[in-house]
Amino acid sequence: MRVTVDYNNMTSAVLGEKGISPKKLSSYRLRAAKAWKYVQENRGKDELYMGWTELPYNQDEIVADILATAKNIRAKFQNFVVLGIGGSALGPTMAFNALCHLHYNDLPRSKRRGPKFFVEDNVDPVRMHDLLDIIDPAKTCFNVISKSGATSETMTQYLIILDLLKKAGVDIQNNVIFTTDANKGNLKKISDEYGGIKSYVLPDGVGGRFSELCPVGLLPAAVCGINIKALLAGAEYMDRLCRTNRSMYKNPALMCAALQVIAMEEGKNIHVMMPYSDNLKYLSDWYCQLWAESLGKNVTLDGTPCNVGQTPVKALGVTDQHSQVQLYTEGPFDKVVTFLSLKKYAQTMPIPHGCENIPDVAFLGGHTMEELIQAENAATAFALTKAGRMNYTLWIPELNEFTLGQLLFLFELQTAYAGAMLNVNTFNQPGVEEGKKATFALLGKAGYEAKKKELDSNPANDPAYII
């Protein structure tokens, strides 16, 4: 059940001069080893936001509590709604889609492992209106996820739900669970005001995009019947494999990081994540935040100006063979494609014989949809390789909690290693803050008057440039 990395199609042995030569790859060994050492020496340090490295090991009591709470939620509520944004929403969405029935909410209750599941990760008024059209707030458990309790989007959602619960005569303590800071923040204040609201801790050393394996992701997963112990066991398996191997030739996450850094430094500024599985569709969304927010930086750790990073792009096989692969095979040489490929699918679907007088169709009969999607995966990798385009494959024996846990931790370690190789702060996101401040100013939040003046001083748009 081990996830493996096949990077043949990144090498000069396959791609010729467009690939990475053994000499070039070897020249990154010391840099990769230093990155491994940096991550290893700083494991668990909250001040560096590396507490996520210990999540597979330090949550036995929390997991037991989550499982008990999830059991109660499944028995009591018709719906479970996550209110959050960023990693607080992308992670739960990803795990739900990966490990639950693809039409889970449409199943009858007897065939579902839990209540209907929704993640509200935006403040589009139509979206909120339409959610409220299909749920009864009184029969819904709301999981509000915010470390500070000051996230405008999440707290807007909370205010709307709070108002509805009050109007329905429902005590907030009965229908709301917080995931937030242990000792401070607005949700802690709200909990204290109500005499205590069931709350889980988002640990200090765990940033939002690294939070899926803490209560942020574990509670929603458990509510939907996902085996969170197996998820953490998979993460632990991958962590032990990587933490005991400083050589990138034996460490899959370190090799992936080295390959991507080499590609970046050769002008491959776009990283396409292309799973051949509808269940892994939203893993690409989760990964996009992890990779973009962690590595897109304009200053190194020693203060040297830089503009590094790699733009993540999500694609879905087979769907995007018919929408994006034309660009990948014949467009600019600025991309690396990572395939997520399943050796075994959870279901098999035979293709019946028929249309025997139409050879273009008849040849499909007798095969299975599993054979077809795997053949298309192999064919796309072949076409890219033939065109001299870098690509590599993460092979997943089958998709379950254990293998998903491996994937998540591999990607988190890969990101940490790559950030260390690029010498940037992998765990901050200063580029996000300017937009937040401008939003606060536009809505009249106290303390942002100077920012409002700055916005007001911008020249008006020139009508000459408006068509």
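Residues numbered from 1 in each chain as written. Predicted model: local features only at pLDDT ≥ 70, side-chain atom pairs only at ≥ 80, totals over all residues. Heavy atoms only, no water.

A.B. asks: For this particular structure, what's the right way to read the sheet that holds strand E12 (residues 391-398)?
C.D. replies: Note: strands within a sheet are paired through backbone hydrogen bonds, in either parallel or antiparallel orientation. Reading across from one edge, E1-E12-E11-E7-E10 is the order of the five strands in this open sheet, with mixed pairing throughout. Unpaired on one side and paired on the other, strand E1 (4-6) and strand E10 (311-314) mark the two borders of the sheet. When strand polarity is set aside, the average angle formed by the axes of neighbouring strands in this sheet is 25°. Strand direction decides the pairing type here: strand E7 (residues 270-275) and strand E11 (residues 335-344), joined by six bridges, are parallel. Across the sheet, the residue bridging to Met273 is Thr338, located in E11. Sitting on the sheet, helix H16 (residues 369-386) touches E11 and E12, and the angle it makes with E11 is about 155°. (Pairing = 2+ DSSP bridges. Helix = DSSP H or I, 4+ residues; strand = E, 2+ residues; numbered from the N terminus. Axes fitted to C-alpha atoms, helices over the stretch in contact; angles between N-to-C directions. Contact = heavy atoms within 4.5 Å.)

A.B. asks: What should I look at first to understand the sheet that holds strand E5 (residues 176-180) in this one?
C.D. replies: Strand order across the open sheet formed by five strands is E3-E2-E4-E5-E6, with parallel pairing between neighbours. Strand pairing shows two members of the sheet lacking a second neighbour, strand E3 (116-120) and strand E6 (199-201), which therefore form its edges. Averaged over all adjacent pairs, the angle separating strand axes in this sheet is 15°, with direction ignored. Both strand E2 (residues 79-83) and E3 contribute to a ladder of five bridges, which runs parallel. Paired with Phe80 across the strands is Phe117, a residue of E3.

A.B. asks: Help me understand the nonpolar core, please; the structure alone is not making it clear to me.
C.D. replies: What tends to happen in soluble globular proteins is that the nonpolar side chains get buried as a cluster. Counting residues in each nonpolar core, the largest one holds 109 residues, and the members touching the most others are Trp52, Leu283, Leu340, Leu404, Phe411 and Tyr417. In contact with Leu283, other than residues within four places in its own chain, are Met94, Leu340, Leu404, Leu407, Leu408 and Phe411. (Core = buried A, V, L, I, M, F, W, Y, C linked by side-chain atoms within 4.5 Å. Buried < 20%, exposed > 50% of the residue type's maximum accessible area, 1.4 Å probe, protein only.)

A.B. asks: Looking at this model, I keep getting lost on the pattern of salt bridges. Mind explaining?
C.D. replies: Between side chains of opposite charge, pairing is possible as soon as their charged atoms come close. Per the counting criterion, the structure on display carries 22 salt bridges. Close ionic contact of Lys147 with Asp181 constitutes a salt bridge, the shortest N to O distance being 3.0 Å. A residue pair is termed long-range when its members are at least 10 positions apart, and Lys147 in the loop between strand E4 (140-145) and helix H7 (152-167) and Asp181 in the loop between E5 and helix H9 (186-193) qualify at 34 residues. The class of Lys147 is partly exposed, set by a relative accessible area of 26%. Given the relative accessible area of 6%, Asp181 is considered buried. Glu433 is the partner of Lys436 in a salt bridge, and the nearest nitrogen-oxygen pair spans 3.8 Å. Placement of both Lys436 and Glu433 in helix H18 (residues 430-442) is noted, with a separation of three residues, approximately one turn of the helix. A residue is classified by how much of its surface remains accessible, and Lys436, at 40% relative accessible area, is partly exposed. Salt bridges here are not isolated pairs; linked through shared partners, they connect Arg43, Glu54, Asp239 and Arg243. (Salt bridge = Lys/Arg side-chain N within 4 Å of Asp/Glu carboxyl O.)

A.B. asks: How should helix H4 (residues 60-76) be read in this particular structure?
C.D. replies: For H4, with 17 residues, the first-to-last C-alpha span of 25 Å sits near the 24 Å given by 1.5 Å per residue. Those residues of H4 that sit buried are Val63, Ile66, Thr69, Ala70 and Ile73. Projected down its long axis, H4 carries its buried residues within an arc of 130°, all on one side. Those residues of H4 that are exposed and aimed more than 90 degrees away from the buried face are Asp60, Glu61, Lys71 and Ala75. The inward-facing, buried residues of H4 contact E2, E4, E5, E6, helix H10 (215-223) and helix H11 (228-243). (Expected span 1.5 Å × (residues − 1). Arc of directions from axis to C-beta.)

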